[in-house]
Amino acid sequence: MTTGHPTYDELAELPAYAAQAVPAAFEDINGHLNIRHYVGIASEGLDEALVDVGIPQNWPTVAGQGVFSAEHHMTYLSELRTGDRISVRVRLLGRSARAVHAVVYLLDDSHRKVSYVMEEVFLHIDMASRRTAEWPDDVAAALDKLIAEESHLPWQPVLSGSMSLR
């Protein structure tokens, strides 16, 4: 099956986040990773990646700022089973004054496959007002730098076409 998605080897060159083995507790009745855990692990990896651009996981409590998901599009490419080694890779595609468009990949490192793709738009939130707010200058600069660096990768992500920055 040709998906058009980047290959395992292309994605494996990006930093790895949330690396782990699939625990037995995450298995569903079909004997593979339950859908909620694909989303959770991918989200955990994205959270870890955002630390690199100045968004610590405790941002709401230390700075009164947060990141909320606005949209997701999920694609399942191959199943993951208990014990499979997995990792998350993140590519930031663009940003607006208050949002970022990203693609998050869950890799099956045991079988060298791309297992799951989550396209997401997330928003910067002022936690006091619980409304969107413009990115702080330092975070905006770090996001812009990473987006520019990743725009030079030799592959393009497959996008859903169902979401964009506004």
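The rules behind these values
- Residues numbered from 1 in each chain as written.
- Predicted model: local features only at pLDDT ≥ 70, side-chain atom pairs only at ≥ 80, totals over all residues.
- Heavy atoms only, no water.
- Core = buried A, V, L, I, M, F, W, Y, C linked by side-chain atoms within 4.5 Å.
- Buried < 20%, exposed > 50% of the residue type's maximum accessible area, 1.4 Å probe, protein only.
- Helix = DSSP H or I, 4+ residues; strand = E, 2+ residues; numbered from the N terminus.
- Contact = heavy atoms within 4.5 Å.
- Polar contact = N/O pair within 3.5 Å; in protein donor to acceptor, adjacent residues only side chain to side chain.

Chemist: Quick question: what am I supposed to make of the nonpolar core here?
Modeler: Grouped burial of nonpolar side chains is what soluble globular proteins tend to show. By size, the foremost hydrophobic cluster in this structure holds 30 residues, and its most contacted members are Val88, Val90, Leu106, Trp135 and Leu143. At the level of elements, strand 1 (17-21), helix 2 (35-50), strand 3 (85-95), strand 4 (99-108), strand 5 (113-126) and helix 4 (137-150) are the ones that each hand at least two residues to this core. The element contributing the most residues to this core is helix 2, with 6 residues. Beyond its immediate sequence surroundings of up to four residues, valine 90 is in contact with Leu14, Tyr17, Gly45, Leu46, Ala49, Val103, Val104 and Glu150. Grouped together as the second largest cluster of nonpolar side chains are 9 residues, Val103, Tyr105, Val114 and Val117 included.

Chemist: Which parts of the structure should I look at to understand the side chain of histidine 124?
Modeler: Mapped onto the fold, histidine 124 is located in strand 5. Judged by its relative accessible area of 2%, histidine 124 is buried. At 2.7 Å, the side chain of histidine 124 forms a polar contact with the side chain of glutamine 65. Those residues in contact with histidine 124 that sit more than four places away from it in its chain are Trp59, Gln65, Gly66, Arg98, Arg131, Thr132, Ala133, Glu134, Trp135 and Pro136.

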